[in-house]
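So the chains spell out like this:
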Amino acid sequence: MTSTRLLIVGPQGSGKGTQGVRIAEAYGIPEISTGDIFRANIKEGTELGLKVKAITDAGDLVSDELTGEIVRDRLSQPDAADGFLLDGYPRNIAQLHHLDEFLAERGESLDAVIELAVPREESLKRIALRAAEQGRSDDTEEAIAHRLDIYERQTAPLLAVYGERGIVETIDGVGSLDEITDRILAALEARGLVRTAAV
Ligand code: AMP
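What this report covers is the structure whose coordinates are included nearby.

## Let's talk about the site of the ligand
Now for step 1: Around the ligand, the surrounding shell holds 17 residues, and the nearest of these are Thr34, Arg39, Asp60, Gly88 and Gln95.
Now for step 2: One nitrogen or oxygen atom from the main chain of Val62 is found 3.0 Å from a nitrogen atom belonging to the ligand.
Now for step 3: Relative to its unbound accessible surface of 480 Å², the ligand loses 96% to contact with the protein.
Now for step 4: Applying the majority rule of atoms within 2 Å of the grid points places the ligand in the largest pocket.
Now for step 5: Broken down by element, the residue count for the shell around the ligand peaks at four residues, all from helix H2 (residues 34-44).
Now for step 6: The class makeup of the residues in the shell around the ligand is four nonpolar, seven polar and six charged.

## Some points on H2
Now for step 1: Taken residue by residue, H2 has Thr34, Phe38 and Asn41 as its buried positions. When H2 is viewed along its axis, its buried side chains cluster within an angular range of 65 degrees and face the same direction. With respect to the buried face of H2, the exposed residues turned more than 90 degrees away are Lys43 and Glu44.
Now for step 2: Against the buried residues of H2 lie strand E2 (31-33), helix H3 (47-57), helix H4 (64-75) and strand E3 (83-87).

## Things to note about the packing of helix H6 (residues 120-134) against helix H7 (residues 141-164)
Now for step 1: Contact pair H6 / H7: the axes reach a minimum separation of 11 Å and the direction vectors enclose 140 degrees. One element, H6, and the other, H7, form an angle in the oblique class. Crossing of H6 over H7 shows right-handed handedness. When H6 is examined against H7, the residues Arg120, Ser123, Leu124, Ile127 and Arg130 are found in contact with a partner set consisting of Ile144, Ala145, Arg147, Leu148, Asp149 and Glu152.

Definitions and cut-offs
Residues numbered from 1 in each chain as written. Predicted model: local features only at pLDDT ≥ 70, side-chain atom pairs only at ≥ 80, totals over all residues. Heavy atoms only, no water. Near = heavy atom within 4 Å. Polar contact = N/O pair within 3.5 Å; in protein donor to acceptor, adjacent residues only side chain to side chain. Areas by Shrake-Rupley, 256 points an atom, 1.4 Å probe, with all protein chains shown as cover. 1 Å grid on protein atoms, 1.4 Å probe; cavity = no way out; pocket = protein on both sides within 12 Å on 5 of 7 lines; lining within 4 Å. Sits in = over half its atoms within 2 Å of the grid points. Helix = DSSP H or I, 4+ residues; strand = E, 2+ residues; numbered from the N terminus. Nonpolar A, V, L, I, M, F, W, Y, C, P; charged D, E, K, R; others polar. Buried < 20%, exposed > 50% of the residue type's maximum accessible area, 1.4 Å probe, protein only. Arc of directions from axis to C-beta. Contact = heavy atoms within 4.5 Å. Axes fitted to C-alpha atoms, helices over the stretch in contact; angles between N-to-C directions. Parallel < 35°, antiparallel > 145°, perpendicular 65-115°, else oblique. Left-handed = near helix turned anticlockwise from the far one by under 90°.

Structure follows, in structure tokens:
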């Protein structure tokens, strides 16, 4: 049984959610998005949702402690035992260390980090389009700019750490959805990461 543990990183509007779902499907592993978990809880009005709504609406980060707890719980579910694709976690260096520790406890580590590279202008254009289509409450102009700033300041540095480990695949995120999926799959295959299903 092979297991594949992946992380997808990219600015908002890079298409990482869409690509993450496709890649997870190709590898037969769950796609775990902290943003999706928060949004689902907000929608259902759970205690967690009430706690994080104002924070996510402002484009700020939920506390490392709370987010870490949620990720630990999710990664401990049986479907994540044989691999997973993380989207949106870790998002800063403290979270990276937390994930390292958790995986090390289980004798695991990430196999590859997919960086979707998209210029800021392109990200802004795509988020504006999504805002018009989906009406996400954190897609105000102010929150969008704030999230991109946080990405550049706190999330981009993760790539230096993972880069030193030799596990980063930087993928050009401009092109059609299919082209980008093909680029990612080719890069992962070149690393010897075997997939279970066709896309
Ligand atoms: P996303 O869909 O990944 O852009 O996440 C939406 C929002 O959820 C973010 O703007 C944050 O407020 C929150 N969030 C998602 N992932 C994390 C994380 N790893 N740490 C802290 N906050 C997060």
